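Structural description and commentary
In case you want the letters, here they are:
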Amino acid sequence: MVQTTKTGVLVMSYGTPTSLENVEAYYTHIRRGHPPTQEQLQELVDRYEAIVGGVFPLRENTDAQVSALQARLDELAPDRYQCFQGLKHAEPYIEDGVEEIKKAGITQAVGIVLAPHYSVMSVGGYIKRAQVKAAELGIKMCFVHSYHLHPKLISALTERVSRLHEELAPHSGDKPVKVLFSAHSLPEKIRELGDPYEQQLLNTSEAIVEAAEIEDWEFTWQSAGRTNEPWLGPDILDTMERVASEGYKAVLSAPIGFVSDHLEVLYDLDIEAKAKAAELGIAFERIEMLNTDPLYMDTLAESVMTVREQLGKE
Ligand SMILES: CC1=C(CCC(=O)O)c2cc3nc(cc4[nH]c(cc5[nH]c(cc1n2)c(C)c5CCC(=O)O)c(CCC(=O)O)c4C)C(CCC(=O)O)=C3C
Ligand SMILES: [Fe+2]
């Protein structure tokens, strides 16, 4: 096999079904091999049907993000990096991505997840799977664990929050606009593990409000799983009810735990939370997702290059 001195970049993301027929297999994978009940499946299919229109946006967005990152790395360091995709719950799986790196004759790689905040239950899980496969194939690998305070990420998010804040101000009556930062909830047990997830999310929120000079804001959770164990709360729908009862007339939604248009944003916020706002008689608008924003691509590229230097030194 021809070896190359290029560094592989394993770009990891959640993954989404390839078609509505495929939702059951996808959901079964998320549930670690336990198929959902008919009712659970139908509920998820209904949510996808509400947003999809034949295409699953997360797949296109992940493809576009990986290509844009490759292009940016090629500009910053020509011929040095080759990107590969590895998905948590769909093909190409994380392990497939590592296999592709091996097949390309690459012996060292950096892994990065398309999610800025680290939790042992999210990013930690991605990294573990890549590590196991890389060790098996003899590839030397390093990882970006989080990039939730990267100045360019904060700048891209601040710009979105500031712009929307101005747009919403005329609709907020005699109260300020309420900014609600949110991220995917996780089971409450992460607190016992000393997980950095919550603190990192608060730190991102604080960096944005400081830069945007916003005083009226809260952090709240969204998209909690439908299981019996307790999940981190309060949920955004409950927070919206409370905020409306306090007299607020306009909510700005900033789902900073996500970087792409997908189900948790297009359904849980744009359909479900928006319907709740209509019921409560308040305005509700969401910031645009980062998708391939050049500042986000720079955040990823610079984070990869920083970790790559560590790899070289070892
Ligand atoms: C932390 C976190 C992120 C953010 C970080 C990251 O991006 O990794 C995230 C993102 C996403 N979650 C997604 C979809 C789903 N997540 C589910 C279920 C779960 N998510 C969890 C956590 C997270 N999820 C957990 C602990 C579960 C319970 C099951 C388990 O223990 O693993 C379920 C099952 C049904 C339900 O519970 O709703 C679905 C359909 C999609 C893709 C949407 C699309 O296809 O457009 C995306 C980007
Ligand atoms: Fe999820």
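Residues take numbers from 1 onward in each chain, read along the sequence in its written order. All chains are assigned letters beginning with A, and all ligands numbers beginning with 1, in the order in which they are written. Given that the model is predicted, a residue must reach a pLDDT of at least 70 before its local features are reported, and side-chain atom pairs must reach 80 or more before they are shown or counted; all residues, however, enter totals for whole chains, interfaces and linings. With hydrogens and water excluded, all non-hydrogen atoms of the structure serve as input to the side-chain values.

Convention followed: UniProt positions are given in the numbering used here, feature names are shortened, and annotations may be inferred rather than shown by experiment.
Looking at an unreviewed UniProt entry, the protein carries the name Coproporphyrin III ferrochelatase, with the source organism given as Paenibacillus septentrionalis. Among the UniProt annotations of the protein, the heading Sequence similarities (unreviewed entry) holds the following wording: "Belongs to the ferrochelatase family." Looking at the Subcellular location (unreviewed entry) heading of the UniProt record, one finds this comment for the protein: "Cytoplasm".

**Focus: the nonpolar core**
Basically, it comes down to this: Nonpolar core, defined: a set of buried Ala, Val, Leu, Ile, Met, Phe, Trp, Tyr and Cys residues in which side-chain atoms within 4.5 Å join the residues together. Relative accessibility under 20% of the residue-type maximum defines a buried residue, over 50% an exposed one, and the middle range a partly exposed one, all with a 1.4 Å probe and only protein chains included. By the criteria applied, helices consist of DSSP H or I runs no shorter than four residues and strands consist of E runs no shorter than two, each listed in order from the N terminus. Note: domain ranges come from an automatic or database domain assignment.
If you look at the biggest cluster of nonpolar residues, it comprises 49 residues, and the most contacted ones within it are V9, L69, F181, L252, I256, Y296 and L300. Per element, the largest residue contribution to this core is seven residues, and it comes from helix α11 (residues 294–313). Structurally, this core is a two-domain feature, drawing no fewer than three residues from each of domain 1 (7–147 + 293–313) and domain 2 (151–286). If you look at the next biggest cluster of nonpolar residues, it comprises 20 residues, including V98, Y118, I139 and F143.

**Some thoughts on the packing of helix α8 (residues 236–245) against helix α10 (residues 268–280)**
Threshold: For helices, the axis comes from a line fit to the C-alpha atoms of the stretch in contact; other axes are also lines fit to C-alpha atoms, and the angle between any two N-to-C directions lies between 0 and 180 degrees. Note on terminology: angles under 35 degrees are roughly parallel, angles over 145 are roughly antiparallel, angles of 65 to 115 are roughly perpendicular, and the others are oblique. Two helices that cross are described as forming a left-handed crossing if the nearer one is turned anticlockwise from the farther one by less than a right angle, and a right-handed crossing if clockwise. Every residue pair with non-hydrogen atoms within 4.5 Å of one another is taken to be in contact. Charged means Asp, Glu, Lys or Arg here, nonpolar means Ala, Val, Leu, Ile, Met, Phe, Trp, Tyr, Cys or Pro, and polar covers whatever is left, Gly included.
Their axes nearest at 10 Å, the elements α8 and α10 cross at an angle of 25 degrees. One way to sum up the angle between α8 and α10 is to call them roughly parallel. As for the relative orientation of α8 and α10, their crossing is right-handed in sense. Here I236, L237, M240, E241 and A244 of α8 lie close against α10, whose contacting residues are L269, E272, A273, K276, A277 and L280. Per-class residue counts for the contact of α8 with α10 are eight nonpolar, no polar and three charged.

**A closer look at α8**
The criterion, for reference: Arc definition: directions from the helix axis to the C-beta atoms. Polar contact criterion, stated in full: a pair of N or O atoms within 3.5 Å, where within protein one must be able to donate a hydrogen and the other to accept it, and residues adjacent in sequence count only if both atoms are side-chain atoms.
Within α8, the full set of buried residues consists of I236, L237, T239, M240, V243 and A244. Buried residues in α8, looked at end-on, bunch into an arc of 160 degrees, giving them a common side. Packing partners of the buried residues in α8 comprise β5 (178–184), β6 (217–222), β7 (250–254), α10 and β8 (283–286). Here α8 starts with a cap whose side-chain oxygen sits 3.0 Å from the backbone nitrogen of L237, and that cap is D235. Taken from the residues just after α8, G247 is the one with a positive phi, measuring 100 degrees.

**Brief notes about the state of the cysteines**
Defined as follows: Note on disulfides: each one is a pair of cysteine sulfur atoms within 2.5 Å.
Counted under the stated rule, the structure contains zero disulfides. Looking at the unpaired C83, the closest cysteine sulfur is the one in C142, lying at 16 Å. Exposure remark for C142: the relative accessible area of 9% places this residue in the buried category.

**A few points about the packing of aromatic side chains**
Our working definition: Only the six-membered ring of Trp is used, alongside the rings of Phe and Tyr, when aromatic pairs are assigned; centres must lie within 6.5 Å, and planes under 30 degrees apart are stacked while those over 60 apart are edge-to-face, with the rest tilted.
Taken as a whole and assessed by the stated rule, the structure comprises six aromatic pairs. With centroids separated by 5.1 Å and ring planes inclined at 55 degrees, the aromatic side chains of Y48 and F56 adopt a geometry described as tilted. The class of Y48 is buried, set by a relative accessible area of 4%. The class of F56 is buried, set by a relative accessible area of 5%. Between F219 and W221, the ring centres sit 4.9 Å apart and the planes meet at 85 degrees, which makes this aromatic pair edge-to-face. The class of W221 is buried, set by a relative accessible area of 4%. Here a set of aromatic residues connected by ring pairs shows up, and it is made of Y26, Y48 and F56.

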